[in-house]
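Summary of structural features
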Amino acid sequence: MNTALAFQNLTLGYDRHPAVHHLQAEIAQGSLTAVVGPNGAGKSTLLKGVIGALEPLEGRVAFGSLSRKDIANLPQQSDIDRTFPLSVVDLVAMGLWREIGPFGWLGRERRARVDAAIAAVGLTGFESRPIGSLSGGQMQRALFARLLLQDARLVLLDEPFTAIDARTAADLIDVVRRWHGEGRTVLAVLHDVETVRMHFPETLLLARKLVAYGPTEQVLTAENQFRARQLCEACAGPPHVCGRSAT
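Cut-offs and rules
- Within each chain, residue numbers correspond to sequence positions counted from 1 in written order.
- For this predicted model, a pLDDT threshold of at least 70 governs which residues receive local features, and a threshold of 80 or more governs which side-chain atom pairs are given and counted, while totals over whole chains, interfaces and linings are taken from all residues.
- Hydrogen atoms and water are omitted, and side-chain values are computed over all heavy atoms in the structure.
- Of the grid points, spaced at 1 Å and generated over the protein atoms alone, those admitting a 1.4 Å probe that cannot get out make up cavities, while open sets with protein on both sides within 12 Å along at least five of seven lines make up pockets; any residue with an atom within 4 Å of a point is treated as lining.
- Grid points are joined across faces, edges and corners, and a volume is the space filled by probe spheres set on the points.
- Only DSSP runs of H or I with at least four residues qualify as helices, and only runs of E with at least two residues qualify as strands; both kinds are numbered from the N terminus onward.
- For this scheme, ten residues count as nonpolar: Ala, Val, Leu, Ile, Met, Phe, Trp, Tyr, Cys and Pro. Four count as charged, namely Asp, Glu, Lys and Arg, and the remainder, Gly too, count as polar.
- Basic side-chain nitrogens of Lys or Arg form a salt bridge, by our definition, when they fall within 4 Å of a carboxyl oxygen of Asp or Glu.
- The rule is simple: take the accessible area with a 1.4 Å probe, protein chains only, and divide by the maximum for that residue type; under 20% is buried, over 50% is exposed, in between is partly exposed.
- A pair of strands is considered paired only if DSSP assigns at least 2 bridges between the two.
- To obtain an axis, a line is fitted to C-alpha atoms, over the contacting stretch when the element is a helix, and the angle between two such axes runs from 0 to 180 degrees between their N-to-C directions.
- Convention used here: angles under 35 degrees read as roughly parallel, angles over 145 as roughly antiparallel, angles from 65 to 115 as roughly perpendicular, and any remaining angle as oblique.
- We call a crossing left-handed when the near helix sits turned anticlockwise from the far one by less than a right angle, and right-handed when that turn is clockwise.
- The contact criterion used is simple: two residues touch if any of their non-hydrogen atoms lie within 4.5 Å.
- For every residue, the predictor states its confidence as a pLDDT score lying anywhere from 0 to 100.
- Nonpolar core, defined: a set of buried Ala, Val, Leu, Ile, Met, Phe, Trp, Tyr and Cys residues in which side-chain atoms within 4.5 Å join the residues together.

**Some details on the layout of surface pockets**
In this model, the second largest pocket occupies a volume close to 320 Å³. Along its surface, the second largest pocket is lined by 15 residues, and Ile71, Met94, Gly95, Arg98 and Gln150 are the ones closest to its centre. Mapped by element, the contributors of at least two residues to the lining of the second largest pocket are strand S5 (71–74), helix H3 (97–100) and helix H5 (136–150). In the lining of the second largest pocket, the residues fall into 6 nonpolar, 3 polar and 6 charged.

Okay, here's the thing in structure tokens:
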């Protein structure tokens, strides 16, 4: 097994208060893995540790054949300022930032790639729309189009199917499965265990510490899920660690 990234005794937290404790796990290259757990489990905190937005209190995130330059990250929609005056095409073109920089010119070839990404997520005709006018599902389609242009080997998704319609969720799951088929590594924070069971072969169940990791059908047992809930309910840390900001 080639390792995409490894969590080596990883502890992450805020103001020295741990939100993820001594996590030990290896994510295989090309795997499609869901990160699940109750509210306050440290799921989004874990992704922040992977992208380097949060420095470990202990241990490390180690990259095998990959590096942080190979990451494309999709934060939760609530973390994105939709009042910023961007059109759909402007937002999607940001996926080419590493190629052209903040002030680069798209040109005909790159604009064709932007248009192709927009078409791939079903947003043709929305290119000039301001992002503030989009529905939740349309916005998520645009964000996925931006990810397509990044052409990353490791894709991180934080609650990618929350608060969107069923048709959009199905279309975007198809994009995720396409990435998996191309051998990319996908790590997605999810709440809906049925979506996980149907589409994600591997699952990491987190409750501030590792509860179980491996094939989804072996991880998402009633016993493991009950244990995860118990661990999070027993959390005695301050609210900003145990509450929603540590999800």
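**Remarks on the pattern of salt bridges**
Going through the model one piece at a time under the given rule, you end up with 10 salt bridges. Notably, a salt bridge pairs Glu99 with Arg113, separated by 2.6 Å at the nearest N-O pair. Here Arg113 lies in helix H4 (residues 107–120) and Glu99 lies in helix H3, a separation of 14 residues in the sequence. Taking relative accessible area as the criterion, Glu99 reaches 42% and is therefore assigned partly exposed. Classification of Arg113 by relative accessible area gives partly exposed; the value is 26%. For Asp115, the salt bridge is made with Arg111, and the minimal N-O distance between the two is 2.9 Å. Highlighted residues: Asp115 and Arg111, both in helix H4, separated by 4 residues, approximately one helical turn. Relative accessible area serves as the criterion here: at 33%, Arg111 is assigned to the partly exposed category.

**Quick word on the pairing of strand S9 (residues 210–215)**
In terms of strand pairing, strand S8 (residues 202–206) meets S9 through 5 bridges, oriented antiparallel. Counterpart to Leu206 in the pairing with S9 is Leu210. Hairpin geometry of S8 and S9 is characterised by an intervening segment of 3 residues between the two adjacent antiparallel strands and by a positive phi of about 70° at Arg208.

**What to know about the packing of H4 against H5**
Relative to each other, H4 and H5 sit at 130°, their axes nearing to 8 Å. Considered as vectors, H4 and H5 are oriented oblique to each other. The handedness of the crossing between H4 and H5 is right-handed. Residues Arg113, Val114, Ala117, Ile118 and Ala120 of H4 lie in contact with H5, whose contacting residues are Ala145, Leu148 and Leu149.

**Here we look at the sheet that holds strand S4 (residues 58–63)**
A sheet is described by the order of its strands in space; here 3 strands give the open sequence S2-S1-S4, paired in antiparallel fashion. The sheet is open, and its two borders are formed by strand S2 (17–28) and S4, each paired with just one other strand. Across this sheet, the average inter-strand angle for adjacent strands is 15°, counted without regard to direction. Bridging between strand S1 (residues 3–14) and S4 involves 5 bridges; their strand directions are antiparallel. Looking at the pairing, Thr11 lines up with Glu58 of S4. Helix H1 (residues 43–51) contacts S1, S2 and S4 of the sheet and is inclined by roughly 115° relative to S1.

**Re the confidence of the model for the chain**
As a general rule, the predicted coordinates of low-pLDDT regions are not to be interpreted in detail. Averaged over all residues, the pLDDT of the chain equals 91, while 94% of them reach at least 70. Here residues 238–246 is modelled with pLDDT under 50, and outside its nearest four sequence neighbours on either side it reaches 27 contacts, counting other chains as well.

**A word on the nonpolar core**
Within the largest apolar cluster, 53 residues are counted, with the highest numbers of intra-cluster contacts made by Val92, Phe144, Leu157, Phe161, Val176, Trp179 and Phe200. With 7 residues, the top contributor of residues to this core is H5. If we skip the residues at most four places from it in the chain, Val176 touches Leu32, Phe144, Leu157, Phe161, Val186 and Phe200. The next biggest cluster of nonpolar side chains, apart from the first, holds 25 residues, and it includes Leu10, Ala19, Ile71 and Leu204.

**Digging into unusual backbone geometry**
Within the chain, Asn9 stands out as a residue other than glycine whose phi angle is a positive 50°. Following the sequence through the fold, Asn9 ends up in strand S1. Residue classification places Asn9 among the partly exposed residues on the basis of a relative accessible area of 30%. Not every positive phi belongs to a glycine, and Glu159 is a case in point at roughly 50°. Within the element layout of this structure, Glu159 appears in the loop between strand S6 (154–158) and helix H6 (166–181). Residue classification places Glu159 among the buried positions, given a relative accessible area of 10%.

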